[in-house]
Amino acid sequence: MKAPLFDDILKISQDIATASGQDQDAEREQAYKLLIKLCASNENSPKDHPLQWEALGDFTLDADQAIDIYQKGIACADKLTLANSKASILLAMAQRYVEMEEVENVEKTKVQLTEVLSSVTNDELKAEVAEFLA
């Protein structure tokens, strides 16, 4: 991923988190809309990256909508063969399914996580996924 895109995602994510922490709903919504715009403008372009989709999914309040966004991130990670990104998004998705009490989808996602785990190179992520699977 090119540094400007990473920097944009990080800045917007920090703005959303800060606004959320300070109960500034209008500012949060404005930053969230910027993230949506960033994702939409990069989708299916050379700048498309799973990190933007994971960030958008993480900040999406509607769980079903977040799952759809995570699916875009997984497709992007598969296209770019980024196992760490795929595992991170699958973990976030599985955690959403746990919150939604969708046991069958949790189990399906655990299978996908198990399949990608051997390709994960980030030791912290690998440990986090292994802990979730245990």
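Note that the coordinates shown come from a computational prediction; the quantities given were computed from them, not determined experimentally.

## Points about the side chain of Thr60
Working step 1: Along the polypeptide, Thr60 turns up in the loop between helix H3 (50–59) and helix H4 (63–80).
Working step 2: We classify Thr60 as buried; its relative accessible area is 2%.
Working step 3: Apart from residues lying up to four places away in sequence, Thr60 is in contact with Tyr32, Gln65, Ala66, Ile69 and Arg96.

## With respect to the packing of aromatic side chains
Working step 1: Considering all chains together, one arrives at zero aromatic pairs under this definition.
Working step 2: The ring centre of Tyr32 lies 5.5 Å from the NZ or CZ of Arg28, which sits over that ring.
Working step 3: Across the ring face of Phe132, the terminal group of Lys110 is positioned such that the distance to the ring centre comes to 5.5 Å.

## Description of the pattern of salt bridges
Working step 1: Inspection of every chain in the model, using the stated rule, returns four salt bridges.
Working step 2: Among the ionic pairs, Glu104 bridges to Lys108, the shortest N-O distance being 3.4 Å. Here Lys108 and Glu104 lie together in helix H6 (residues 103–117), a separation of four residues that amounts to about one turn.
Working step 3: Of the residues examined, Lys108 reaches a relative accessible area of 48% and is grouped as partly exposed.

## Some details on the packing of H3 against H4
Between two packed helices, what matters for the description is the angle formed by their axes and the separation of those axes.
Working step 1: The N-to-C vectors of H3 and H4 enclose an angle of 165 degrees; their axes lie 8 Å apart at closest approach. Between H3 and H4, the interaxial angle falls into the category roughly antiparallel. In the packing of H3 onto H4, the handedness of the crossing is left-handed. Side by side, H3 and H4 meet where Pro50, Trp53, Glu54, Leu56, Gly57 and Asp58 of the first sit next to Ala66, Ile69, Tyr70, Lys72, Gly73, Cys76, Ala77 and Leu80 of the second.
Working step 2: Here the contact of H3 with H4 is composed, by residue class, of nine nonpolar, two polar and three charged.

About the criteria used
Residues numbered from 1 in each chain as written. Predicted model: local features only at pLDDT ≥ 70, side-chain atom pairs only at ≥ 80, totals over all residues. Heavy atoms only, no water. Helix = DSSP H or I, 4+ residues; strand = E, 2+ residues; numbered from the N terminus. Buried < 20%, exposed > 50% of the residue type's maximum accessible area, 1.4 Å probe, protein only. Contact = heavy atoms within 4.5 Å. Phe/Tyr/Trp six-rings, centres within 6.5 Å; stacked < 30°, edge-to-face > 60°. Lys NZ or Arg CZ within 6 Å of the ring centre and 35° of its normal. Salt bridge = Lys/Arg side-chain N within 4 Å of Asp/Glu carboxyl O. Axes fitted to C-alpha atoms, helices over the stretch in contact; angles between N-to-C directions. Parallel < 35°, antiparallel > 145°, perpendicular 65-115°, else oblique. Left-handed = near helix turned anticlockwise from the far one by under 90°. Nonpolar A, V, L, I, M, F, W, Y, C, P; charged D, E, K, R; others polar.

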